[in-house]
Amino acid sequence: MSELVVIDLHATVAGTPILKGVTLTVRSGEVHALMGRNGSGKSTLSNVLMGRPGYEVTAGSATLDDVDLLALPTWERARAGLFLAAQYPTEVPGVQVTDVLEAAFTASGRDPALVPGRMAEEADAIGFDRAFLRRAVNVDLSGGERKRNETLQLAVLEPRIAVLDELDSGLDVDALRAVARRIELATSGPQPLGVLAITHYSRLLQELHPDVVHVFGDGRILESGGPELVDRLEAEGYASRA
Ligand code: ADP
Ligand code: MG
């Protein structure tokens, strides 16, 4: 069993405080939904957890199975078992997804020769044309194709904890269902994935069933509850909160 433990996390972007005390624990097999209005700092949280440059942590901690994530470069956070599907996946010209996944397998002591076969299986499972697998990472992919590409990477890498930042944006209904089901599947089984799904919409959460729903606002979690909170937010919006 794994757990991501975030305690009183504060961070600034370009000198401006954005995260103002985030506290959260995500365990293996759990799905947490993080919902909140635009600009409240949700992507900042995901970027800070993964160690994207440009964010300064000013207080608090983030650990994955007692490993201090904040002390590690991004690739070592990934090796520790953390995965981020970014809201805006970056283009990496000249590098194929296969290269990235083979390097990750090698870094974690797995056989890189398994990668191409696993990628083909996972592409088929989410209806992603295998031809895309030979493209440079995210180059000339549509928004929805990038999201499926991220899901494929997640499925092949089998991280312990995944942060999914608006994975649903740009996906049509069928792709959304395929992607959500694949992730839901990863949350069960012998080494279940723990998920922090950042989303505006309840659509994703109809397939990927959250155990806990958090309302995020003004750089922290304002309220947490069960799945019923999704319907309340849908009806009431965030206006009455932050
Ligand atoms: P959300 O994902 O909840 O919509 P973000 O975390 O993307 O919110 O943004 C939170 C705030 O931080 C916004 O006011 C945004 O303009 C600001 N911000 C985020 N990233 C940067 C950055 N790299 N440089 C300057 N401001 C940023
Ligand atoms: Mg965002």
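Above this text is the structure in question.
Residues numbered from 1 in each chain as written. Chains lettered and ligands numbered in written order. Predicted model: local features only at pLDDT ≥ 70, side-chain atom pairs only at ≥ 80, totals over all residues. Heavy atoms only, no water.

J.: Requested: an account of unusual backbone geometry, with residues and values cited.
T.: Despite not being glycine, Asp8 has its phi angle at roughly 50°, a positive value. With respect to the helices and strands, the residue Asp8 is situated in strand 1 (residues 3-13). Even without glycine at this site, Asn138 takes up a positive phi of about 65°. Mapped onto the fold, Asn138 is located in the loop between strand 8 (136-137) and helix 5 (143-157). (Helix = DSSP H or I, 4+ residues; strand = E, 2+ residues; numbered from the N terminus.)

J.: Mind laying out the sheet that holds strand 9 (residues 161-165), listing which residues take part and the relevant values?
T.: Strand order in the open sheet formed by 6 strands is 6-9-10-3-11-12, and the pairing between neighbours is mixed. Looking at the sheet topology across the chains shown, the edges are occupied by strand 6 (82-85) and strand 12 (220-225). On average, each strand axis in the sheet is inclined to that of its neighbour by 20°, with strand direction left out of account. Sheet topology note: the strand 9/strand 10 (residues 194-198) ladder contains 5 bridges and is parallel. Each bridged residue has a counterpart across the sheet, and for Ala162 the counterpart in strand 10 is Val195. Taken strand by strand, helix 5 contacts strand 6 and strand 9, and its axis lies near 170° from that of strand 6. (Pairing = 2+ DSSP bridges. Axes fitted to C-alpha atoms, helices over the stretch in contact; angles between N-to-C directions. Contact = heavy atoms within 4.5 Å.)

J.: Could you give an account of the sheet that holds strand 5 (residues 67-68), with specific residues and numbers?
T.: In a beta sheet, neighbouring strands are held together by backbone hydrogen bonds and run either parallel or antiparallel to one another. Across the sheet, 4 strands lie side by side as 2-1-4-5; this open sheet has antiparallel pairing. Both edges of this open sheet fall to strand 2 (16-27) and strand 5, since each of them pairs with a single strand only.

J.: Would you mind going over the environment of Val137 in detail, with residue names and values included?
T.: When you line up the elements, Val137 lands in strand 8. For Val137, a relative accessible area of 7% puts it in the buried group. Residues Val137 and Val97, spaced 40 residues apart in sequence, show a C-alpha to C-alpha distance of 5.5 Å. If near-sequence neighbours (up to four positions away) are discounted, Val137 is found in contact with Thr90, Glu91, Val92, Val95, Gln96, Val97 and Val100. (Buried < 20%, exposed > 50% of the residue type's maximum accessible area, 1.4 Å probe, protein only.)

J.: Explain the pairing of strand 12 to me, using residue names and the numbers behind them.
T.: Sheet topology places strand 11 (residues 212-217) next to strand 12; 5 bridges connect them, and they run antiparallel. In the sheet register, His214 faces strand 12, and the bridge partner there is Ser224. Taken together, strand 11 and the strand that follows it, strand 12, pair antiparallel across an intervening segment of 2 residues, in which Asp218 is found at a positive phi of about 50°.

J.: Requested: an account of the coordination of the magnesium ion (ligand 2), with residues and values cited.
T.: On the protein side, the magnesium ion (ligand 2) has Ser43 (OG) and Gln87 (OE1) as donor atoms, found 2.0 to 2.1 Å from it. Note that Ser43 is positioned in helix 1 (residues 42-50) and Gln87 in the loop between strand 6 and strand 7 (92-96), a separation of 44 residues in sequence. With relative accessibility at 19%, the residue Gln87 sits in the buried group. (Donors = N, O, S within 2.8 Å, 3.2 Å for Na, K, Ca; no water.)

J.: Lay out the nonpolar core in plain terms, naming residues and giving numbers.
T.: In this structure, Leu101, Met119, Leu152, Leu164, Ile183, Val195 and Leu208 are the most contacted members of the largest nonpolar core, which totals 34 residues. Taken together, the elements giving at least two residues each to this core come down to strand 6, helix 3 (97-107), helix 4 (115-125), helix 5, strand 9, helix 6 (173-186) and strand 10. With 6 residues, helix 6 is the largest single contributor of residues to this core. With sequence-adjacent residues up to four places away left out, Leu101 is seen in contact with Val115, Met119, Leu152, Gln153, Val156 and Leu157. Listed in part, the 26 residues of the second largest apolar core include Ala11, Leu69, Leu82 and Phe216. (Core = buried A, V, L, I, M, F, W, Y, C linked by side-chain atoms within 4.5 Å.)

Any link to function would need more than the numbers given here.
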